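Reading the structure
Listed here are the chains, written in short residue letters.
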Amino acid sequence: MWNELTAALLLQSGYNASLATLGASLLGVAAGSAGTFLFLRKRTLVSDALAHATLPGVGLAFIAMVLLGGDGRSLTGLLLGSALSAALGLVAVDWLARRTRLPEDAAIGAVLSVFFGFGIVLLTVIQSMSSGRQAGLEGFLLGATAGMLLSDATLIAISAAFAVALLALLRRPMTMVAFDAEFAAASGISVRAVDLAIMGLVLGVTVIGLKIVGLVLIVALLVIPAVTARFWTERTDGVLWGAGVAGGISGYIGAAISAAAPGLPTGPIVVLVATALFAFSLLFAPARGVLAAVLRHRRFQLRVHRRQGLLALARGEPIHDQLTLAVLRREGLIRRDRVATPEGQAHAGKALLDERRWEIVRALWADEALAGRYDGLTPLETLLTPDELAAVDARLERPALVGA
Amino acid sequence: MGTEFVQLSLVPMVIASLAAVACALAGNFLVLRRQALVGDAISHVVLPGIVGAFLVTGTVSSWPMLIGAGLAALLAVALIETIRRLGRVEPGAAMAVTFTSMFAAGVLVLEQTDTSSVHLDVEHALYGNVESLIWIAADGWGSIVDPAALADLPPELARMALVCGVLAVATAVFWRPLKIATFDEPFAASLGLPVGAISIGLVAAAAVAAVAAFDAVGSIIVIAMFICPPGAARLMTDRLARQVAWSVVFAVVSALAGYVLAGYGPLWLGYESSVSAAGMIATVSGLILALAALAGPRRRRVAAPATGA
């Protein structure tokens with residue numbers, strides 16, 4: 001198993017398998033990047049309707065090809081049929097959402113289930129056709145790279161490469177529309193045309209992906225990489241390329257695993273690799289990840305406890321909170337018997353001074369933004385200039401000199 | 001219309017109708033609340049739940065599977081919320097991530113384990129097998145009042161009838177709060193109605209309908225019935241009560257016409273074998289929706305501009 005997997009990952013398991021793996025990773029790149037625009041336009045689930053709407057096209061294309069005397073299994077023909085019916089599904093969603101009072105999500109669900117249901121009817125028709133030798137059309141449900149013909153793999157790889165190239169070309173206007181449609185329109189870009197191009201690319205990717213990932217799960221390859229990439233960057237370009245990379249990795253590893261274990265459908269494996277990348281990003285991404293958020297919260301908590309502990313020391317109040325004690329003790333600011341060390345006294349005095357200064361600032365400039373910056377943590381000298389600080393200090397009550 | 005019909009077609013038609021009505025009842029409120037795709041998500045995650053139940057119990061018995069499917073639906077809702085909140089991901093994308101991943105996991109486990117000896121596969125999960133719910137013990141219409149024959153009815157029938165009845169009663173009992181919370185949630189909250197509980201209850205009811213119907217007829221009918229009959233009904237009337245009534249009519253018509261067309265249609269055309277009933281029921285419901293969208297009296301948005309077709 002491991003040897004086979006290594007061989008597949010290094011593209012050593014035969015020409016067809018290698019081409020399928022490369023095709024799957026190209027597909028992943030194309031799906032990830034095309035899906036980014038869907039994700040940014042908040043229309044991810046339209047692709048679900050699109051994907052399910054391919055099934056009747058596959059069935060009808062097969063039937064048509066058999067009736068015309070072919071064997072019905074030409075991938076080009078099947079993909080053309082699926083593209084036509086997916087486009088029809090897209091038009092139906094658009095028409096229902098625009099022309100009737102049904103919301104877009106109902107339109108998506110209706111098209112998805114009805115087209116898929118009709119596709120199932122066609123599949124059962126094909127099963128009963130005497131001339132329709134079992135075509136393995138079920139492979140389009142969940143995807144299969146096993147038994148893929150060389151010409152199929154080439155077709156997929158070339159189309160995926162074409163989609164990636166098109167994305168690279170159209171990236172600027174698509175980014176503008178996805179990010180700020182009104183600004184794009186004001187800049188003279190036809191939002192409708194760009195939306196159409198986005199949906200066209202998504203349609204293309206869906207159709208190419210049918211054979212590898214299958215129509216039930218292709219939506220995952222469009223959505224998950226974009227969501228994954230979003231964790232790592234705040235920039236649209238970053239999400240675009242990040243999603244491409246995440247999708248590419250998912251396709252590559254998924255297809256390789258599937259080549260090493262041919263019994264498994266490819267789609268679920270590719271999707272689960274993408275999910276693993278997503279879960280890793282959700283947990284460990286530097287700025288937006290869960291771990292980063294937990295650490296941020298913990299650091300903030302420790303700073304608050306340190307500050308409050310120092311203020312208590314300065315005011316001579318007893319400290320009972322265990323976390324506060326632990327923080328102060330770890331920094332060597334108090335001894336084990338809770339008495340401040342010289343260093344602790346210095347910091348406590350500093351904290352108290354800062355707190356007094358803040359009181360004055362908030363009284364003096366109550367209406368200004370500066371007063372709103374008070375969080376009990378930020379030292380005032382990081383916000384004021386030295387002469388402003390001197391002005392504040394002039395108002396500090398000074399201890400009266402003994403005997404003066 | 002004799003013995004053969006009662007044996008082979010009556011029970012599937014009744015079960016399909018009950019499943020369609022149960023889903024359509026919940027679907028009315030889901031469509032109005034713009035949660036139509038919750039049904040889609042639920043019916044995808046039912047698969048891993050059923051596979052999980054099979055792995056734990058090792059048998060294909062109904063109750064563990066129903067419980068497993070219910071647990072999977074709960075897990076999915078929890079995961080969607082977690083991803084939405086922790087990752088600050090928009091709801092549609094969070095939903096897509098969750099249900100595709102869970103479905104993929106279900107398929108993978110299903111293909112890994114040896115379930116070839118039992119009737120459990122992806123195709124079955126997607127489009128069920130209504131046609132197999134036959135009533136062997138029946139020997140004509142008289143069997144409907146024959147206790148011995150009735151005892152042999154497929155268990156799916158009683159279960160589906162129970163779920164459908166519970167949903168109908170619940171819809172009637174909670175009618176007013178459901179209606180207010182659906183159309184104006186802030187107002188419902190200001191009246192002191194538990195809007196959060198209503199929302200969760202609705203999703204739970206949808207999950208129950210989906211799981212029970214899934215067991216009997218497969219997930220494609222479930223998704224179609226959640227959306228198409230209520231969607232078509234929405235284009236017929238402005239009143240909620242009438243919309244629900246229309247949706248029930250549409251659901252039953254879809255189920256009966258779909259089943260008849262799938263079972264007998266090919267024979268009329270001169271072919272020998274029937275086609276998928278589940279697929280045909282979904283198709284008929286789609287045709288009804290298309291008709292309503294083309295000619296329904298209330299098909300336009302109230303605020304829609306007067307221009308255009």
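Provided above is the structure to which this section pertains.
Now for a description of the structure that goes with this document. (Residues numbered from 1 in each chain as written. Chains lettered and ligands numbered in written order. Predicted model: local features only at pLDDT ≥ 70, side-chain atom pairs only at ≥ 80, totals over all residues. Heavy atoms only, no water.)

Right, let's get into the side chain of aspartate 393 of chain A. Residue and element names in this part refer to chain A. By the element assignment, aspartate 393 lies in helix H18 (residues 386-394). The class of aspartate 393 is buried, set by a relative accessible area of 19%. At a separation of 2.8 Å, a polar atom in the side chain of aspartate 393 contacts the side chain of arginine 357. (Helix = DSSP H or I, 4+ residues; strand = E, 2+ residues; numbered from the N terminus. Buried < 20%, exposed > 50% of the residue type's maximum accessible area, 1.4 Å probe, protein only. Polar contact = N/O pair within 3.5 Å; in protein donor to acceptor, adjacent residues only side chain to side chain.)

Attention shifts here to the interface of chain B and chain A. Counting residues at the interface gives 62 residues for chain B and 54 residues for chain A. A combined buried area of about 4700 Å² lies between chain B and chain A, and 73% of that area is made up of carbon and sulfur atoms. When the buried area of chain B at its contact with chain A is split by residue, Leu37, Glu90 and Arg301 of chain B rank highest and sum to 11% of it. Where chain B meets chain A, there are 1 salt bridge. A salt bridge links arginine 101 of chain A to aspartate 238 of chain B; its shortest N-O distance comes to 2.5 Å. Counting the contacts that link chain B with chain A gives 9 residue pairs in polar contact (both at pLDDT 80 or more). Of all the secondary-structure elements, those providing two or more residues to the side of chain B that touches chain A are helix H2 (36-57), helix H3 (62-86), helix H4 (91-112), helix H5 (122-127), helix H11 (219-234) and helix H13 (277-295) of chain B. Here the residues of the side of chain B that touches chain A sort into 33 nonpolar, 17 polar and 12 charged. (Contact = heavy atoms within 4.5 Å. Buried area = accessible area lost by both parts, 1.4 Å probe. Salt bridge = Lys/Arg side-chain N within 4 Å of Asp/Glu carboxyl O. Nonpolar A, V, L, I, M, F, W, Y, C, P; charged D, E, K, R; others polar.)

With that settled, consider the nonpolar core. Core analysis: the largest hydrophobic core is formed by 210 residues, its most contacted members being Val213 and Val227 of chain A together with Ile42 and Phe226 of chain B. Those residues in contact with valine 227 of chain A, other than ones at most four positions away along the chain, are Phe39 and Phe278 of chain A together with Val89, Ala93 and Val97 of chain B. If you look at the next biggest cluster of nonpolar residues, it comprises 13 residues, including Leu311, Leu333, Ala348 and Leu352 of chain A. (Core = buried A, V, L, I, M, F, W, Y, C linked by side-chain atoms within 4.5 Å.)

Note that serine 250 of chain A resides in helix H12 (residues 236-260). In this structure, serine 250 of chain A is in contact with Leu221, Ala255, Val270, Val273, Ala274 and Leu277 of chain A, ignoring residues within four places of it in sequence.

With that settled, consider the pattern of salt bridges. Following the criterion strictly, the structure yields 17 salt bridges over all chains and no others. Put simply, glutamate 234 of chain A and arginine 288 of chain A hold a salt bridge, and the shortest N to O gap is 3.7 Å. Here arginine 288 of chain A lies in the loop between helix H13 (266-284) and helix H14 (290-315) and glutamate 234 of chain A lies in the loop between helix H11 (218-230) and H12, a separation of 54 residues in the sequence. The closest approach of N and O atoms between arginine 33 of chain B and glutamate 185 of chain B, which form a salt bridge, is 3.3 Å. Here arginine 33 of chain B, found in the loop between helix H1 (3-32) and H2, pairs with glutamate 185 of chain B, found in helix H9 (residues 185-190); they are 152 residues apart in sequence, far enough to count as distant. Each of Asp94, Arg98 and Arg192 of chain A takes part in a single network of salt bridges with overlapping partners.

Residue and element names in this part refer to chain A. A cluster of nonpolar residues, Trp232, Phe280, Leu283, Phe284, Leu291 and Leu295, forms a patch on the protein surface that exposes about 570 Å² of accessible area. Of all elements in the fold, only H13 and H14 reach the threshold of two or more residues within the nonpolar patch. With 3 residues, the top contributor of residues to the nonpolar patch is H13. Mapped onto the fold, leucine 291 is located in helix H14. (Patch = residues over 30% accessible without salt bridge, like charges linked within 9 Å, V, L, I, M, F, W, Y side chains within 5 Å. Areas by Shrake-Rupley, 256 points an atom, 1.4 Å probe, with all protein chains shown as cover.)

No statement about biological role is implied by the geometric values presented.
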